[in-house]
Every structure is written in C-alpha cells, then in structure tokens.
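Close look at the chain arrangement
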Amino acid sequence: MLRSALLAAGRSPSVRRLVEANPLTKPVVRRFVPGTSPEDAVRATRELSGHGLFVTLDRLGEDTLDAGQATATVRDYRQVLGVLAEQGLAERAEVSVKLSAVGQFLPSDGEKIALDNARLICEAASAAGTTVTLDMEDHTTTDSTLGILRDLRVDFPWVGAVLQAYLRRTEQDCRDLATAGSRVRLCKGAYDEPESVAYQDKSEVDRSYVRCLKVLMQGEGYPMVASHDPRMVAIAGELAARNGRTNADFEYQMLYGIRPDEQRRIAAAGGRLRVYTAYGDEWYGYFMRRLAERPANVAFFLRSLATQ
Ligand code: FAD
C-alpha cells in the first residue's frame, strides 16, 4: 500500500510542488542524485571510475510533453557524451535514455520524434566510443520502446534495452532478445502495474527474475543484472559460471547511492559493476520511485528531515 501511495504521489503535481518546495528535501535527494548539471554527472563518473566501477548516466526529465524540453535533453546528452570522450571516461561510462524524456509522449508524432532524438544520442555515443541503453517505463510503453530499439539497432547494434521481470510477458521478451550482440538489462520493475500484466507478489517477481536470468545467461547476448538483491546477485554469479561466462561476459548494475559498499566489493572481486547515475533538475519522479522501493528509504528521508 505504501508503495502504491508513493508511486501515485510521484505522479501528482501538487505533492511534487510540496516536496520540491521544501528546502530540506534536497540534501536527502543528493544521496540518490549526485547533482543537476552535466559537470556534476562527469564529476560523479570520475569518482566512481576511480573505485573501479563503470557508470551509466541518465539525464532526468521523463514524461515530457514539451518538444523544446525533449530537444534540450538530447543536447545535454550529446554534450555529456562529448565531455566523457574528451576526458577519457567513455570506456567507463555509457548513457541510459528514457524515451518519454525525448518525446515519446508528445501528442503528434511522439514515437517518431523519440526515435529521431534517440538516434541523435546514439550518433554522439558512437562518436564517443560508448553505448546507449533504453530505460523501460510503464507497461503501456513496452511495445513502443522495443519497436524503437529494433529500429535503432539496425544502425547501432549495441543499443541495449531494459526488461522488467514483474511483467508476465518478459520471459518471452528475454528469449527474443537473448541473441548475439544484444545487451539486456534485467530489473524487477519500478512502476505500479495492474495484475493483468504484472506479477503482484514479491516472491512471484523474484521467481520470474530468476527464470529470465536463466534465459539471458544461456543465450548469446550480454546480460546486465540490475538488482540490489543479494539473492539475485548470487544466483546471477552461479548461472554465469554454469554457462561458462567469464567476468567480462556479463555485468552487475546498481543505482547510485544504493549499497555502495557492495558495489565496490563486487568490483574489487573482479566483477564488472555499473552504477546507474541519474542527474538533472527533474529528480522528483525518480526520487519517489526510490522511496517506494524500500520502506527503509522512507524512514531515512523522514529522519533526515527531522534532524536538519
Ligand atoms: P528489491 O526487491 O527492491 O530488494 C531486494 C533486496 O535487495 C532487499 O531485501 C535488500 O536486501 C536489498 N536492497 C534493496 N535496496 C536496498 C538498499 N537501499 N539498501 C540495502 N539493501 C537493499 N526499473 C524500471 O522499471 N525501469 C528501468 O528502466 C529500471 N532501470 C534500472 C536500472 C538499474 C541499473 C537498476 C539497479 C534498477 C533499475 N530499475 C528500473 C529499478 C528496478 O526495477 C527496481 O525497482 C529496483 O532495482 C529495486 O529492485 P531490486 O532488484 O534492487 O530488489
């Protein structure tokens, strides 16, 4: 219930105004979002790569209905990719893109605009020598996002996708995408989805995650294991070994600010660990999803407000 309430609040403009207006919120948000500018993103990348970690940068700004904002997001991604290349960080960092941030929801021609915009980001990533992964949003966008992925992969075969284990369809999507050259980031899923399309029970989601991991690890693509769950991390390691994969043949991924000690432990043990690092002014929806994932995060938020 708390999860649904927080996710609903994450979509409410009035709650958003309240949370954003509170000057005490920002220091708490910094735990999950290292800053607002491209410079902040590059600084965080340098720090994380200093610890042997890889990075994927997400420029916040989902659900835009403003073509100008979508264009600004594209410009920002291209700028950041240029700086990563200039500073020798492109081997360590790629970018993650939400198609709704680059126009997917625009009322006329949204999908085409999102495809064209994503293509511009892919061109910049290609020039920088790195990759792009398309984030996955709520289930109403899954077909559109996978369609755009297919189009982009014609010219940029390294474009990756996110699949969400809570969706009933995902095991089949994993089979479809477990092919040579394909990069799939498997997560549990962060949105409030109806029973008709998504498993509701945590244990069912976990079982689906393991089934999907098996398909990806047995397949020919590059699995990206996006979870903070110690059980999923352990099972992924076992499945990789069982399928003859070395540390270079798959990677673990976690969010910025979540289990940082575990992130470094995996890297120190020789694993590839990529930190999903979101930056920008539009942190509200992202932040609320982080609170919804874990009651302890809500307690941390409230405690921080009380002690400031
Ligand atoms: P959970 O089921 O939330 O937690 C399981 C266990 O993990 C907990 O019991 C605890 O032991 C441990 N754990 C979790 N959080 C913490 C914490 N803060 N501190 C200590 N231990 C903790 N979702 C989408 O819908 N679309 C996306 O495109 C997307 N991209 C993502 C990219 C990355 C790299 C990652 C890591 C997540 C992404 N997500 C995305 C979010 C994802 O769907 C989950 O909501 C989120 O990762 C929480 O699920 P979990 O697997 O970490 O485990």
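A few points on the structure. Predicted model only: the values in this text are computed from it and were never measured.

By the secondary structure assignment, L255 is in strand β7 (residues 251-255). Separated by 141 residues in sequence, L255 and A114 have C-alpha atoms that sit 25 Å apart. When sequence neighbours within four positions are dropped, the list of residues in contact with L255 reads H228, Q263, V275, Y276, Y286, R290 and E293.

By nearness alone, 26 residues border the ligand, and G189, K202, S227, H228 and E293 come closest of all. In the model, a nitrogen atom of the ligand is placed 2.8 Å from a nitrogen or oxygen of the M136 main chain. Bound to the protein, the ligand loses 85% of the 950 Å² it would expose on its own. More than half of the atoms belonging to the ligand lie within 2 Å of the grid points that define the largest pocket. Those elements that place two or more of their residues in the shell around the ligand are β4 (160-164), β5 (183-187), β7 and α12 (284-293).

This part is about the side chain of S12. Of note, S12 is situated in the loop between α1 (2-9) and α2 (13-21). Only 3.2 Å separates the side chain of S12 from the side chain of S14, close enough to count as a polar contact.

Another aspect to go through is the layout of surface pockets. If a probe the size of a water molecule is rolled over the atoms, the empty space left behind becomes visible. In this model, the largest pocket occupies a volume close to 1400 Å³. Taken together, 47 residues form the lining of the largest pocket, with K188, G189, A190, H228 and E293 sitting closest to its centre. Those elements giving two or more residues to the lining of the largest pocket turn out to be α1, β4, β5, α9 (202-218), β7, α12 and α13 (295-307). Ranked by the residues each element gives to the lining of the largest pocket, the list is headed by α12, at 6 residues. For the lining of the largest pocket, the per-class residue count stands at 22 nonpolar, 8 polar and 17 charged. Computed from the structure, the second largest pocket encloses a volume of approximately 360 Å³. Lining of the second largest pocket is provided by 18 residues; of these, G10, R11, E62, D63 and G285 occupy positions nearest its centre. Among the secondary structure elements, those contributing two or more residues to the lining of the second largest pocket are α1, α2 and α12. Counting residues per element, the lining of the second largest pocket draws most heavily on α12, which supplies 4 residues.

Quick look at the pattern of salt bridges now. Tallied over the entire structure, the rule returns 27 salt bridges. K98 is paired through a salt bridge with D58; the nearest N and O atoms lie 3.8 Å apart. Linking K98 in the loop between β2 (93-97) and α6 (110-128) with D58 in strand β1 (residues 54-59), this pair joins segments that are 40 residues apart in sequence. The salt bridge involving R290 is made with E293; its shortest N-O contact spans 2.6 Å. You can see R290 and its partner E293 sitting in helix α12, 3 residues apart, about one turn around the helix. Judged by relative accessible area, which is 5%, R290 ranks as buried. A relative accessible area of 39% means that E293 is categorised as partly exposed.

What counts and how
- Residues numbered from 1 in each chain as written.
- Predicted model: local features only at pLDDT ≥ 70, side-chain atom pairs only at ≥ 80, totals over all residues.
- Heavy atoms only, no water.
- Helix = DSSP H or I, 4+ residues; strand = E, 2+ residues; numbered from the N terminus.
- Contact = heavy atoms within 4.5 Å.
- Near = heavy atom within 4 Å.
- Polar contact = N/O pair within 3.5 Å; in protein donor to acceptor, adjacent residues only side chain to side chain.
- Areas by Shrake-Rupley, 256 points an atom, 1.4 Å probe, with all protein chains shown as cover.
- 1 Å grid on protein atoms, 1.4 Å probe; cavity = no way out; pocket = protein on both sides within 12 Å on 5 of 7 lines; lining within 4 Å.
- Sits in = over half its atoms within 2 Å of the grid points.
- Points joined across faces, edges and corners; volume = space filled by probe spheres on them.
- Nonpolar A, V, L, I, M, F, W, Y, C, P; charged D, E, K, R; others polar.
- Salt bridge = Lys/Arg side-chain N within 4 Å of Asp/Glu carboxyl O.
- Buried < 20%, exposed > 50% of the residue type's maximum accessible area, 1.4 Å probe, protein only.

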